[in-house]
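# Topology and contacts: notes
Okay, here's what each chain looks like letter by letter:
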Amino acid sequence: MLFSSMSFIFLFLPAVLLLYFLLPEKFRNAVLLIFSIIFYAWGEPVYCLVMLAVSLINYLAALMMKDNNRRIVLASAVAADLGVLIYFKYSGFVIENINALFSQDIPSWRVALPIGISFYTFQSISYIVDVYRREIPVQRNFFKLLLFISFFPQMVAGPILKYHDVLPYLGKRCVTPEKFAYGLKRFIAGLSKKMLIANVLGAVADRVFEGNGVHYPAWMSWVGVLAYTFQIYYDFSGYSDMAIGLGALFGFRFMENFNYPYISRSVTDFWRRWHISLSTWFREYLYIPLGGNRRGKWRNVCNLFIVFLATGIWHGASWNFVLWGVWHGVFLAVEKFTKLHERVPAVLCRIYTAAVVFSGWILFRSPTVADAWAMVKRMTGFAEKSEILFPAELFLNNGEIIAFTAAALLIFPIWGNLAGVSAQESPVPLWRRVAVNIILCVLFFLSVTKIATTTGNPFIYFRF
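The structure contained in this document is the topic of the report that follows. (Residues numbered from 1 in each chain as written. Predicted model: local features only at pLDDT ≥ 70, side-chain atom pairs only at ≥ 80, totals over all residues. Heavy atoms only, no water.)

## With respect to the overall build of the protein chain
The line we're drawing: Only DSSP runs of H or I with at least four residues qualify as helices, and only runs of E with at least two residues qualify as strands; both kinds are numbered from the N terminus onward. Think of it in three bands: with a 1.4 Å probe and only protein chains considered, a residue is buried below 20% of the maximum accessible area for its type, exposed above 50%, and partly exposed in between. Contact criterion: two residues are considered in contact whenever any of their non-hydrogen atoms come within 4.5 Å of each other. Every accessible area reported is derived by Shrake-Rupley at a probe size of 1.4 Å, with residue values counting cover from the shown protein chains alone.
What the protein chain contains, in helices and strands, is 19 helices and zero strands. Structurally, the protein chain occupies a C-alpha span of about 65 × 60 × 50 Å along its principal axes. When burial is assessed residue by residue, the protein chain has 52% of its 464 residues classed as buried. Counting contacts in the protein chain only where the partners sit at least 6 residues apart, residues at least 24 apart contribute 75% of the total. Here the protein chain has roughly 21300 Å² of accessible surface; of this, 68% comes from carbon and sulfur atoms.

So, in structure tokens, the structure goes:
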């Protein structure tokens, strides 16, 4: 089930809200858990068993953890979590590369990837590691742990929750009218990002990437890559906004996942602002255990490289994702050594960061490394020239031009400053509240209209 679907907005969400607030407080976790299972099973009921198995493994491992076996239990549980992830996500990729490298003919297979497996396995690891570190008590109620792992607002595409952050909300929660209104605002804002910007610009990116720019002049390839640059940001940050908003409706508070990453002054700054939950997960559960920056500059650079190699692999079983992670890791290492971004004007820093990120998205979006290189050649004029001339008005319609304009403006904190949606406690003047509510009503109407007239609105990160 998708957040950007009529069945979710007008059937599923009203039903869970109605039962949640009508039933006594002691039943509210049960309501959320039942509806979370229904939400996940809506499209692929068989893979509910995988998610339940992962939850049970970590629940039992935490119960078994004693002073004399802590490391063995931790290693076994993490190995099981990663084993499930590797089997479903990487087994076919590994076998194909073994065959190619050693001229073997091992039968290869591509199993269907359960939605959200990259997210809920990482959340399970956060739980068992937190128990091992004695940062949190063992959760003896299996259903509370299952709710943490399966909670429908975030389980299929994040933000990646850490158990110690969610633990306070697994008991009693308070939902005030202000928090509920805040949740609705965040949800509508995210839905609007998805339907009115990401989907519109995604159509432009698809025309260029899926045709590999063969029938377009070089400048249109640039437009296609820029469209994808905006699409992935507004698609994923839109989902995160919806997840944060839905969590607020039920009294949960999730961490922010994006903080205007396209105005970053360095690649390091970009990763403090982009997919924040993934960055903080890797920092807490991989970078710091490897030694972080405590063992000298070279070891620090090595640790950063490992983290971003893992980041690339986490995103997909393909060499273009691996190289995308390495690409960012190289620039992070250069920044660590040179500190040039701290000694040059801010405008040059932002241009440099945009160029690195923009180039990286070519690798990220292209099906293969060869396709990415072909796109680069077309963008730089080294590919075969197209004999067909396309006026801009034939390539971009009015709706796409408006979406481009909105996307370019909203990379700056214009909306957040106007609506005060970046913090639940922000005091907002009455006239601004009225204006924001009117704008949100219009955006909601336009988004629902868009949903009703299109078929299928999957989020990009559903496949990760």
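## Concerning the environment of tyrosine 90
Locating tyrosine 90 in the fold gives a position in helix H4 (residues 70-102). Residue class for tyrosine 90 comes out buried when judged on its relative accessible area of 10%. Here the alpha-carbon distance between tyrosine 90 and tryptophan 314, two residues 224 residues apart in the chain, equals 9.7 Å. If we ignore the near neighbours within four places in the chain, the residues touching tyrosine 90 are Leu85, Ile313, Trp314, Gly316 and Ala317.

## Some words on the packing of helix H8 (residues 177-210) against helix H9 (residues 218-249)
The test is simple: What counts as an axis is a line fitted to C-alpha atoms, over the stretch in contact for a helix, and the angles between N-to-C directions run from 0 to 180 degrees. In what follows, roughly perpendicular refers to angles from 65 to 115 degrees, roughly parallel to angles under 35, roughly antiparallel to angles over 145, and oblique to any angle outside these ranges. If you view the pair so one helix is near and one far, a crossing is left-handed when the near helix is turned anticlockwise from the far one by less than a right angle, and right-handed when it is turned clockwise. Residue polarity is assigned by list, with Asp, Glu, Lys and Arg as charged and Ala, Val, Leu, Ile, Met, Phe, Trp, Tyr, Cys and Pro as nonpolar; anything else, Gly included, falls into the polar class.
Interhelical geometry of H8 versus H9 gives an angle of 160 degrees and a closest axis separation of 6 Å. For the element pair H8 / H9, the angle class is roughly antiparallel. For the crossing formed where H8 meets H9, the hand is left-handed. Among the residues forming the contact of H8 with H9, the class breakdown is 24 nonpolar, 10 polar and six charged.

## Some thoughts on the nonpolar core
Worth spelling out the cut-off: The criterion is simple. A nonpolar core is a set of buried Ala, Val, Leu, Ile, Met, Phe, Trp, Tyr and Cys residues joined through side-chain atoms within 4.5 Å.
Counting 132 residues, the largest nonpolar core has Phe8, Phe250, Tyr262 and Trp361 as the members making the most contacts within it. It is H9 that provides the largest number of residues to this core, a total of 17 residues. When residues no more than four places from it in sequence are discounted, the contact partners of phenylalanine 8 are Met1, Leu2, Phe3, Leu13, Pro14, Phe39, Phe152, Phe187 and Leu246.

## Some remarks on the packing of helix H3 (residues 48-64) against helix H6 (residues 142-150)
Helices that pack against each other are described as a pair by the angle of their axes relative to one another and the distance between those axes. Contact geometry of H3 with H6 gives a least axis separation of 10 Å together with a crossing angle of 130 degrees. Comparing their axes, H6 and H3 come out oblique. In this structure, H3 crosses over H6, and the sense of that crossing is right-handed. In this structure, H3 contributes Met51, Leu52, Ser55, Leu56, Asn58 and Tyr59 to the contact, and H6 contributes Phe142, Leu145, Leu146, Ile149 and Ser150. Residues belonging to the contact of H3 with H6 are distributed by class as follows: eight nonpolar, three polar and no charged.

## Section: helix H11 (residues 276-290)
Quick note on the threshold: Working rule for helices: expected span equals 1.5 Å times residues minus one. The angle separating two fitted axes, one through the seven residues that finish at a residue and one through the seven that start at it, defines the bend at that residue.
The end-to-end C-alpha distance of H11, which contains 15 residues, comes to 20 Å, matching closely the 21 Å that a straight helix rising 1.5 Å per residue would cover. At arginine 283, H11 shows its maximal kink, close to 45 degrees. Buried within H11 are the following residues: Ile276, Ser277, Leu278, Ser279, Thr280, Trp281, Phe282, Glu284, Tyr285 and Tyr287. Next to the buried residues of H11 lie helix H5 (117-132), helix H7 (163-166), helix H10 (267-273) and helix H12 (297-315). One or two steps after H11, the chain reaches glycine 291, where phi turns positive at roughly 120 degrees.

## Structural notes on helix H17 (residues 398-409)
Quick note on the threshold: Each direction from the helix axis to a C-beta atom contributes to the arc, which is the arc of those directions.
In a regular helix each residue adds 1.5 Å, so 12 residues correspond to 16 Å; H17 covers 17 Å between its end C-alpha atoms and thus fits that length. Among the residues of H17, Glu400, Ala403, Phe404 and Ala407 are the ones counted as buried. Viewed end-on, H17 has its buried residues packed into an arc of 100 degrees, placing them on one side of the element. In H17, the exposed positions that point more than 90 degrees away from the buried face belong to Asn398 and Ile402.

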